[in-house]
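Read off the chains here:
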2 protein chains.
Amino acid sequence: MNDLPRRVSINEEGPREGFQIEPGPIPTADKIALIDALAATGLKHIQVASFVSPKLVPGWADAEQAVAGFTPRPGVDYTALWFNAAGLERALAFEDRLHLTGSISLSASEAFSRKNLNRDRAGQIEAMRKQTAAHLAAGIPVTRIGVMASFGCNFSGVVTPAQVFTAIEDGMGIAAEAGTTITRLSLADTMGWANPAHVERLVGEVRARWPEPEITLHLHDTRGLAVANAHAGLRMGVVSFDATVGGLGGCPFAAHKGAPGNIASEELALLCEELGIETGVDLDALIEAGHLAERIVGHSLPSALLRGGSLRAFRERTAGVAA
Amino acid sequence: MNDLPRRVSINEEGPREGFQIEPGPIPTADKIALIDALAATGLKHIQVASFVSPKLVPGWADAEQAVAGFTPRPGVDYTALWFNAAGLERALAFEDRLHLTGSISLSASEAFSRKNLNRDRAGQIEAMRKQTAAHLAAGIPVTRIGVMASFGCNFSGVVTPAQVFTAIEDGMGIAAEAGTTITRLSLADTMGWANPAHVERLVGEVRARWPEPEITLHLHDTRGLAVANAHAGLRMGVVSFDATVGGLGGCPFAAHKGAPGNIASEELALLCEELGIETGVDLDALIEAGHLAERIVGHSLPSALLRGGSLRAFRERTAGVAA
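From a predicted model like this one, the values you see are computed outputs, not experimental measurements.

Some details on the overall build of chain A
- Looking only at helices and strands, one finds 13 helices and ten strands in chain A.
- With 323 residues in all, chain A has 59% of them scored as buried.
- Considering only contacts in chain A between residues 6 or more positions apart, those separated by 24 or more positions represent 76%.
- Carbon and sulfur atoms make up 53% of the accessible area of chain A, which totals about 12200 Å².
- Of the charged side chains in chain A, 28 are positive and 36 negative; the average position of the first set lies 3 Å away from that of the second.

Things to note about the interface of chain B and chain A
- Facing the 49 residues of chain B at the interface are 49 residues of chain A.
- Across the chain B to chain A interface the summed buried area is about 3800 Å²; carbon plus sulfur atoms make up 67%.
- Applying the counting rule to chain B against chain A returns zero salt bridges.
- Remark: the boundary between chain B and chain A carries two residue pairs in polar contact (both at pLDDT 80 or more).
- Of all the secondary structure elements, the ones that give two or more residues to the side of chain B that touches chain A are α5 (110–117), β7 (157–158), α8 (196–209), α9 (226–235), α10 (265–274), α12 (305–308) and α13 (312–317) of chain B.
- Considering only residue class, the side of chain B that touches chain A consists of 24 nonpolar, 16 polar and nine charged.

What about the packing of α10(B) against helix α11 (residues 283–297) of chain B?
All names here are of chain B.
- Following both chains from N to C, one finds α10 and α11 inclined at 165°, their axes separated by 9 Å at the closest point. Put simply, α10 runs roughly antiparallel to α11. In this structure, α10 crosses over α11, and the sense of that crossing is left-handed. For the pair α10 and α11, the contacting residues are Ser265, Glu266, Ala269, Leu270 and Glu273 in the first and Leu283, Leu286 and Ile287 in the second.
- A per-class count over the contact of α10 with α11 returns five nonpolar, one polar and two charged.

Let's talk about the pattern of salt bridges
Residue and element names in this part refer to chain A.
- One pass over the full model with this rule turns up 30 salt bridges over all chains.
- Between Glu13 and Arg16 there is a salt bridge whose closest N-O contact spans 3.4 Å. The same class applies to Glu13 and to Arg16, which are both buried.
- The residue Arg184 makes a salt bridge to Glu214 at a minimum N-O spacing of 2.7 Å. A residue pair is termed long-range when its members are at least 10 positions apart, and Arg184 in strand β8 (residues 184–188) and Glu214 in strand β9 (residues 214–218) qualify at 30 residues.
- Residue classification places Arg184 among the partly exposed residues on the basis of a relative accessible area of 25%.
- Taken together, the shared-partner salt bridges connect Glu13, Arg16 and Glu17 into one network.

A word on the packing of helix α6 (residues 121–137) of chain B against helix α7 (residues 161–178) of chain B
Residue and element names in this part refer to chain B.
- For the pair α6 and α7, the least separation of the axes is 10 Å and the interaxial angle reads 35°. The element α6 and its partner α7 pack so that their crossing is right-handed. Here Arg121, Ile125, Met128, Arg129, Thr132 and Leu136 of α6 lie close against α7, whose contacting residues are Thr166, Asp170, Ile174, Glu177 and Ala178.

As for the sheet that holds strand β2 (residues 45–51) of chain B
Residues and elements named next belong to chain B.
- What the eight strands build is an open sheet, ordered β3-β2-β1-β10-β9-β8-β5-β4; its pairing is parallel. The sheet is open, and its two borders are formed by β3 (77–82) and β4 (102–107), each paired with just one other strand. The average angle at which neighbouring strand axes cross in this sheet is 25°, direction not considered.
- Both β4 and strand β5 (residues 142–148) contribute to a ladder of six bridges, which runs parallel. Within the sheet, the bridge partner assigned to Ile104 lies in β5 and is Ile145.
- Strands in contact with helix α2 (residues 28–39) are β1 (9–12), β2 and β3; relative to β2, the strand with the most contacts, it is inclined by about 160°.

Focus: the nonpolar core
- Ranked by size, the top nonpolar core spans 206 residues in total, and within it A:Leu98, A:Val206, B:Leu98 and B:Val206 carry the most contacts.
- Apart from residues lying up to four places away in sequence, B:Leu98 is in contact with B:Val48, B:Phe51, B:Val67, B:Phe70, B:Tyr78, B:Thr79, B:Ala80 and B:Ala91.

Digging into the domain arrangement of chain A
All names here are of chain A.
- What the domain assignment lists for chain A is domain 1 (7–100 + 244–323) and domain 2 (101–237).
- Computed from C-alpha atoms alone, the centre-to-centre distance between domain 1 and domain 2 is 22 Å.
- Counting from both sides, the interface comprises 23 residues of domain 1 and, opposite them, 24 residues of domain 2.
- Summed over both partners, the interface of domain 1 with domain 2 buries about 1900 Å², with 66% contributed by carbon and sulfur atoms.
- Scanning the region where domain 1 abuts domain 2 turns up zero salt bridges.
- The interface formed by domain 1 and domain 2 includes four residue pairs in polar contact (both at pLDDT 80 or more).
- Taken together, the elements giving at least two residues each to the side of domain 1 that touches domain 2 come down to α4 (85–92) and α10 (265–274).
- Top contributing element to the side of domain 1 that touches domain 2 by residue count: α10, with four residues.
- The residue makeup of the side of domain 1 that touches domain 2, split by class, is 15 nonpolar, five polar and three charged.

Some words on the pairing of strand β10 (residues 240–243) of chain A
All names here are of chain A.
- Neither face of β10 is open: one carries Ser240 and Asp242, the other Phe241 and Ala243, and all of them are buried.
- Here strand β1 (residues 9–12) pairs with β10 via four bridges, running parallel. Bridged to Ile10 within β10 is Phe241.
- Here β9 pairs with β10 via three bridges, running parallel.

Looking at the relation of the copies chain B and chain A
- Mapping chain B onto chain A calls for a rotation angle of 180° and an axial translation of 0.0 Å; the resulting RMSD is 0.0 Å. Interpreted geometrically, this transformation is the action of a two-fold axis. Minimal C-alpha distance to the rotation axis in chain B is attained by B:Ala228, lying at 2.0 Å.
- In this assembly, 100% of the residues forming the interface of chain B have copies in chain A that are likewise at the interface, indicating an isologous arrangement.

Here is what the cut-offs are and how they apply
- Residues numbered from 1 in each chain as written.
- Chains lettered and ligands numbered in written order.
- Predicted model: local features only at pLDDT ≥ 70, side-chain atom pairs only at ≥ 80, totals over all residues.
- Heavy atoms only, no water.
- Helix = DSSP H or I, 4+ residues; strand = E, 2+ residues; numbered from the N terminus.
- Buried < 20%, exposed > 50% of the residue type's maximum accessible area, 1.4 Å probe, protein only.
- Contact = heavy atoms within 4.5 Å.
- Areas by Shrake-Rupley, 256 points an atom, 1.4 Å probe, with all protein chains shown as cover.
- Lys, Arg positive; Asp, Glu negative; His and termini not counted.
- Charge placed at Lys NZ, Arg CZ, Asp CG, Glu CD.
- Buried area = accessible area lost by both parts, 1.4 Å probe.
- Salt bridge = Lys/Arg side-chain N within 4 Å of Asp/Glu carboxyl O.
- Polar contact = N/O pair within 3.5 Å; in protein donor to acceptor, adjacent residues only side chain to side chain.
- Nonpolar A, V, L, I, M, F, W, Y, C, P; charged D, E, K, R; others polar.
- Axes fitted to C-alpha atoms, helices over the stretch in contact; angles between N-to-C directions.
- Parallel < 35°, antiparallel > 145°, perpendicular 65-115°, else oblique.
- Left-handed = near helix turned anticlockwise from the far one by under 90°.
- Pairing = 2+ DSSP bridges.
- Core = buried A, V, L, I, M, F, W, Y, C linked by side-chain atoms within 4.5 Å.
- Domains from an automatic or database assignment.
- Least-squares fit on C-alpha atoms with pLDDT ≥ 70 in both.

Laid out in structure tokens, this is it:
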């Protein structure tokens with residue numbers, strides 16, 4: 001266990017992911033309650049809202065109200081997502097409450113980009129060039145490249161490391177042109193194609209080429225391998241993971257109807273805790289937040305740990321009992 | 001990946017585990033249909049029934065009918081479970097259809113043994129001594145020691161490797177006295193306490209002490225770590241795993257209401273397939289058997305992969321598509 005990191009950061013994306021995909025409507029007060037509950041668990045990074053068109057994503061028509069309503073907790077970075085100038089404008093109105101950062105988001109699969117964003121590779125680059133300029137002009141730092149479909153693609157199949165390198169090179173080019181330095185590379189298993197050996201290989205090869213930026217893994221549990229993939233990342237020294245409480249979020253692809261979405265934050269936290277890796281998170285409080293999320297969305301979430309419960313209670317209850 | 005095994009054996013326990021815990025009643029014809037569907041997937045070891053008291057486990061009151069009803073497939077070992085002389089008697093009536101083997105089942109946690117079997121350590125040993133003699137007298141080989149609660153216990157907390165060694169030593173003593181040789185040690189994470197580091201350590205230490213017997217891992221997904229734990233086992237060279245299709249089985253402990261039971265066979269098979277390890281199983285057929293199991297029990301099962309689907313269809317559909 002000596003090669004595992006000592007401390008890991010969990011970037012909670014449950015509110016943004018979860019309330020986007022649920023059929024809703026979910027009361028704004030419930031969204032605020034979950035955000036505040038998550039902030040009380042020790043999580044330091046929480047993505048709370050998406051500033052998207054209410055026509056496209058009705059679940060976030062109340063983004064302003066949700067962001068205005070939560071109670072900021074010292075030491076917690078509250079973040080949000082947006083995709084265009086209109087969204088950026090809306091986010092900028094909350095500069096006092098939100099930690100606003102820009103990202104250069106590209107897809108390692110051009111087929112995915114065409115299907116989901118209606119852009120080819122040149123179109124992706126052009127869109128990100130403009131967005132990066134807009135962010136920097138607004139005083140928002142752009143230090144992150146995010147690579148969607150880094151492990152495989154429902155529309156084009158296998159995605160090779162070379163395709164991921166191309167996307168990162170494109171992003172590095174955009175950053176260099178804009179005069180900003182990339183400090184984080186986020187590799188996303190958008191459609192749940194990763195396996196532990198693939199995670200090891202890709203993380204190793206990306207790090208060999210770009211040793212400076214920190215790597216974030218954005219894992220999906222579409223096929224049940226997310227925790228094993230996270231463990232592979234930990235063994236490679238990855239210290240930053242996106243996750244959603246309870247596995248909130250689901251999978252927007254029709255072929256995966258009902259499949260889990262992101263790795264569940266509390267399962268990732270349990271894995272870390274059991275391996276002796278600090279997360280700064282109170283696991284029992286996080287499980288409670290997962291139960292709150294289930295009450296809010298009105299159905300059970302995919303996380304096994306929400307049913308199984310943490311080990312702490314059993315350890316405390318049995319302390320001193322002869323085995 | 002060079003240190004991973006080339007081939008792994010999945011011991012399917014879905015029918016026995018699943019139909020035992022479901023509130024039922026489940027028609028015998030449905031049980032037979034699932035057994036036959038599983039045998040058609042390429043699985044070579046299927047535990048099909050439990051010869052237990054119909055009063056204690058009404059779900060298996062039709063064990064005889066189910067065992068008489070399936071269509072034996074050449075090359076497949078159909079097994080069953082029993083706990084006493086009456087069960088053994090019933091199993092012996094099907095010597096032509098079942099692969100009957102005896103096991104020395106002990107618990108690494110005496111608290112678990114007391115709670116579940118009403119036996120202390122001496123009581124466990126005595127019961128297994130008698131059962132081993134009965135098996136051998138009936139011509140049934142006893143070559144396996146199974147250790148329940150090898151990783152932790154809801155009633156006594158942490159279980160140390162030393163406690164597991166004691167249980168194995170007890171079992172080896174029983175085997176030696178009876179003049180039989182143990183060729184398999186099964187380590188069971190009965191209550192879902194294992195983590196990947198714990199699996200590595202325990203498998204390594206058990207193998208260091210008993211290098212000859214093959215190790216089987218019986219993993220539960222109570223807290224979402226089962227696939228990561230299986231991967232740890234694979235990295236330690238373990239080539240035999242118990243599992244249940246769809247994660248059939250659930251968890252009988254009140255504290256884990258609704259929690260998954262055993263590791264899902266198809267998630268284990270996917271992990272192996274993606275790592276280049278042969279299982280002999282047609283993954284898509286196994287997923288179909290999982291869907292059949294869901295229709296039979298009338299509710300969805302915990303396996304994420306039953307929702308997410310295999311990668312094969314996507315790979316075939318996208319063959320030749322430019323990424």
